[in-house]
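# Structure assessment
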Amino acid sequence: MLSSALRNLPVSSAWAAGAFARSFSCSSQFQASVQPKTKKTLGKTGVKNVVVVEGVRIPFLQSGTSYADLMPHDLARAALQGLLTRTNVPKDVVDYIVYGTVIQEVKTSNVAREAALGAGFSDKTPAHTVTMACISSNQAMTTGVGMIAAGQCDVVVAGGTMLTLNRAKSLGQKLSLISKIRPDYFTPELPAVAEFSTSETMGHSADRLAAAFGISRLEQDEYALRSHTLAKKAQDEGLLQDVVPFKVPGKDTVTKDNGIRPSSMEQMGKLKPAFVKPYGTVTAANSSFLTDGASAILIMSEEKALAMGYKPKAYLRDFVYVSQDPKDQLLLGPTYATPKVLEKAGLSLSDIDVFEFHEAFAGQILANLKAMDSDWFAQNYMGRKSKVGAPPLDKFNTWGGSLSLGHPFGATGCRLVITAAHRLKKEGGQYGLVAACAAGGQGHAMIVELYPQ
Amino acid sequence: MKNLVLIVADQKAGFVMLVNTLSKQLSAEFTDVMNEIWANEAVRSAVLISSKPGSFIAGADLNMLEACKTAQEVTQLSQDGQKMLEKIEHSPKPVVAAISGSCLGGGLEVAIACHYRVATKDKKTVLGTPEVLLGLLPGAGGTQRLPKMVGLPAAFDMMLTGRNIRADRAKKMGLVDQLVEPLGPGLKTPEARTIEYLEEVAISFARGLANKTVSAKRSRGFMQNYAMALPFVRQQVYKTVESKVQKQTKGLYPAPLKIIEVVKTGLDQGNDAGYLIEAQSFGQLAVTKESKALMGLYHGQVHCKKNKFGTPQKEVKTLAVLGAGLMGAGIAQVSVDKGIKTILKDTTQKGLDRGQQQVYKGLNSKVKKKSLTSFERDSILSNMLGQLDYEGFEKADMVIEAVFEDINIKHKVLKEVEAVIPAHCIFASNTSALPISQIAAASKRPEKVIGMHYFSPVDKMQLLEIITTDKTSQDTAASAVAVGLKQGKVVIVVKDGPGFYTTRCLGPMLSEVVRVLQEGVDPKKVDAISTAFGFPVGAATLIDEVGVDVATHVAEDLGKAFGPRFGGGSIDLFKLMVQRGFLGRKAGKGFYVYQEGVKNRSVNSGMDEILEKFRVPANPDVCSDEDIQMRLVTRFVNEAAMCLQEGILSSPVEGDIGAVFGLGFPPCLGGPFRFADSFGARQLVDKLRKYEAVYGSQFTPCQLLLDHANSPGKKFHQ
């Protein structure tokens, strides 16, 4: 779960009014759709091929904006309806629904079921909810992959949802708020979620991680700016095709992510450290912000998809989950997961055409890049002979990432996978690598292979 | 070798200096470096950081102090230190202390002379003024600066208790200005990168101080600003603190009183007077016998933290403890929290539950004190396995038995255990009196049998007495010492014999206590007399703590082995107490009545009749308070000397450490051997002879003491 809480900081006022001047300075790697290179395909004998037919998400919004009055299942429902509209999949062919979420609303603890019923899926389709912090929807997808590969299902809808409920509802809760009023009550406080085992907030851990790898404030701000700039460009060019509009009850239809705010280095430089005060390097501007949103993805066995006349977008191939020290290596999941998943798939880093990494913090991404590029780290902490290498930035999160698009904890995994598929097609690659870190010191990576065009 | 290195970090930026211990040579170099800082235009601020990992400055060089012959010499040292630190305090260019690891004594004084302090927030970083524990006071301006920095009450607390303060607490007290969190692995080891990071952060603050973007001023509360400026409020604080110190030290320790006096002078009469009296008092204290005794203990402790048997062939990773009683559970507790997998075995579910609860409670009290998180507690407890059978003993590297003190039970257990443990596994017995060779007689592999005598409560008492027999192998001894050291114990290794060393020394003293009680001195008086001599626990209370049944048991065994030398008091008095159920604290009644939550315990009136029954007439020649103290102590010391003479003890150092840390021999006297040296062997023998004439052979001085008495200048400690 992410540096929650940055919402109370004067982010938007300080640097939102975006200087777009730099937004076109990056990236010349976008060319029109190119013919895919011809490499081997990663299918395994005896294992069913699992394909992504389609994936959608409702726009990711900063918490407390247009989705503020809704419940998590409302967002999930909107994403599911979007998927139904986009694919026209007959409701009764869906065998199973799995949803990822992080903080469960008490009334809808199996949010998958409530959302599916509300979205008009058949009441004969079972649904369950999984949780694994920031990689909850990855877990939802791989659960589906497992069901299909094991031959138990042919059609699974997976997804994730996240809505921060920040409202005191009962009288008791309201009273307890009053009792908390004290002299420093009105100074902004970050309601950051702390790691249970270490009592350390994720932002604090990220700041230490950045320091451990010697990553400066400047580098972090630069990376964050890159993320926003690339996201803005992708949004403007209409590349974010996974977004489906959502008519919010009582409000206008939401069509776009609202957290993309390319700023200037100067404005970002003005922000004070959010966690390690007063000298830390992680700020509201170089962290992902608290986000509301939901995603949904339709996965099938290859033969079922073809039989139903779908043109799949991608294969979901090998995947791994990893975990490590939740104190000092909380956010290094991608570093551990990347070489493992590559080895499993028989690929090397240079085979990968598209990288989609979850950006929890700019400092976290840069630390992971450095760790992946370090023989010392690989040998001393990962028990490997040598480093896996750092992904080249021109293949890395080129349509923005969690820093700019937002990070609804439960929903990001599906966004990563579908974005990888879309980028493979657009940029003419064959393999994509998706990786993410999560609270608890866990991580995930998966290989996405473009479906032959 | 040059200790200090000047590094200009970058243009007009901070500089870093590397130091580690405070010595004479260092002062001279320090002056040079400070002059260089002032002269160098490029340097605008400075950072003090240690080049030695794990410590900022661990304090002044004790050898330097001990080399001094007179108080004047020590005073001179103190004044040199004061001058050096004055230079830092008055430096026109700001100086920042970057603290990682121990920052104690002289090290703390250096840090508080700086303008700003940045410390690493880890468990190894502790700040404190432990001088009082060596019978000294902070002699380089500490007594003057500390009250101004943290306030009078906190300063007194630090200086009078000598306690270590963790970094986070230091930040709250205003002792440090910024904390730096320790880092995990990056492109270097966590330790190396954390130090580097500390340096970077300290430099950024040094730079900030130089260009005035950072202020070193702290806001203080009402108590600090206003109340403490009022002389009558301060007087009240002095009075309270003084009476507390008097009560706790019984006037046996000069240092705490000096500290109060020195602080008082500084605050009431100004800096010059304060620094002068600090230096003078430092000199005076350094040559007191109390200080020498305490420093001797310090050196002894360092000595007993080493494994003279070398590294064992196999590290003990899995330990099994038999018996989940007070001792067994205590041993388990100090093992699991060091990461040793521990099997705690008992014969009954009830006993096992009690033991497991004891371990939980011990760890949980640390959670309440915030020295442990609840998560760490749970993860530590996962190292412990409670069970009623011998399951998993095939993986044990060492078994420590803490079952009932009965040779037959010990033999039975030993045989059961040997049937299930692997060949390399060591069998250790936690017995306080049964000879190990007797226990080992039932063993198929006596070279693997050893004694490990822990003291109750195990998690609080620092001492571990290890007992080797003629057959115990070197490797077995090495392994036992290694486990003890890992458990955080101060370890002495002694030869086997009835009562080993500690129990054997205690025996004659307790016998004499009984004699004194029989002579009509009431338990409260006995306690008062013994604590006045410096024993932390009164002699009558001690018997209650040990347990009257245990004491009876031991007294009988040792009485058989040593005959009249252990005579004096009547053992039948103990036996009658046991019969009546007056077993001491554990039974709620002994010499005193113990009630939960009642602090001022009263004397057990049921004892009147018993004491009356065993009443013997007292000889007024040997029954003054001082005589009673000497009767107790001379018997203790005589027996200790006998242990050294017989080779039970391998050195006087271990004898002193064992007596002080295991039995509460007055620390201000430094242990029985240090006491024999300072009191004089001749005088000691004279006292013994005097009491021998009245009471008989239990007071006959041993040959070793006589030898010392006959050759003046011969000392146990050179």
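Worth saying up front: this structure is predicted, and the values here are computed from it rather than measured.

## Concerning the UniProt feature "active site" (unreviewed entry) in chain A
All names here are of chain A. Sequence positions flagged by UniProt for "active site" (unreviewed entry) are, in local numbering, C134, H407 and C437. The greatest C-alpha distance among the annotated residues, which extend across 304 residues, is 12.2 Å, indicating that they converge on a single site. Here C134 shows up in the loop between β4 (127-130) and α4 (136-149). In this structure C134 comes out as buried when scored by relative accessible area, which is 2%. Residue placement: H407 occurs in the loop between α13 (402-405) and α14 (412-427).

## Here's the deal with the sheet that holds strand β4 (residues 55-57) of chain B
Residues and elements named next belong to chain B. The strand order across the open sheet formed by 4 strands is β4-β6-β8-β9, and the pairing between neighbours is mixed. Pairing within the sheet leaves two strands with one partner each, and these edge strands are β4 and β9 (165-166). As paired strands, strand β6 (residues 102-104) and strand β8 (residues 126-128) are joined by 2 bridges and run parallel to one another. From the neighbouring strand, L104 faces β8, where its bridge partner is G128. On top of the sheet, helix α4 (residues 106-113) reaches β4, β6 and β8; it is set at about 90° to β6, its chief contact.

## As for the side chain of B:S530
Tracing the backbone shows B:S530 in helix α21 (residues 523-533). Not counting residues within four places of it along the chain, the set of residues in contact with B:S530 comprises B:F535, B:G538, B:A539 and B:L632.

## So, the interface of chain B and chain A
Frequently, the measure chosen for interface size is the accessible area that the parts lose on association. Each partner contributes residues to the interface: chain B has 18 residues there, and chain A has 18 residues. Summing the contributions of chain B and of chain A, the shared interface buries around 1,600 Å²; its carbon and sulfur component is 65%. Considering only the surface of chain B that becomes buried against chain A, B:P185, B:L187 and B:F375 emerge as the three largest contributors, covering 36% of it. Linking chain B with chain A are 0 salt bridges. Our enumeration of links across chain B and chain A arrives at 3 residue pairs in polar contact (both at pLDDT 80 or more). Where the side of chain B that touches chain A is concerned, the elements lending two or more residues are β10 (178-180) and α8 (190-210) of chain B. The biggest single contributor to the side of chain B that touches chain A is α8(B), with 5 residues. Of the residues assigned to the side of chain B that touches chain A, the class counts are 11 nonpolar, 4 polar and 3 charged.

Conventions and cut-offs
- Residues numbered from 1 in each chain as written.
- Chains lettered and ligands numbered in written order.
- Predicted model: local features only at pLDDT ≥ 70, side-chain atom pairs only at ≥ 80, totals over all residues.
- Heavy atoms only, no water.
- UniProt positions renumbered as here; feature names shortened; annotations may be inferred.
- Helix = DSSP H or I, 4+ residues; strand = E, 2+ residues; numbered from the N terminus.
- Buried < 20%, exposed > 50% of the residue type's maximum accessible area, 1.4 Å probe, protein only.
- Pairing = 2+ DSSP bridges.
- Contact = heavy atoms within 4.5 Å.
- Axes fitted to C-alpha atoms, helices over the stretch in contact; angles between N-to-C directions.
- Buried area = accessible area lost by both parts, 1.4 Å probe.
- Salt bridge = Lys/Arg side-chain N within 4 Å of Asp/Glu carboxyl O.
- Polar contact = N/O pair within 3.5 Å; in protein donor to acceptor, adjacent residues only side chain to side chain.
- Nonpolar A, V, L, I, M, F, W, Y, C, P; charged D, E, K, R; others polar.

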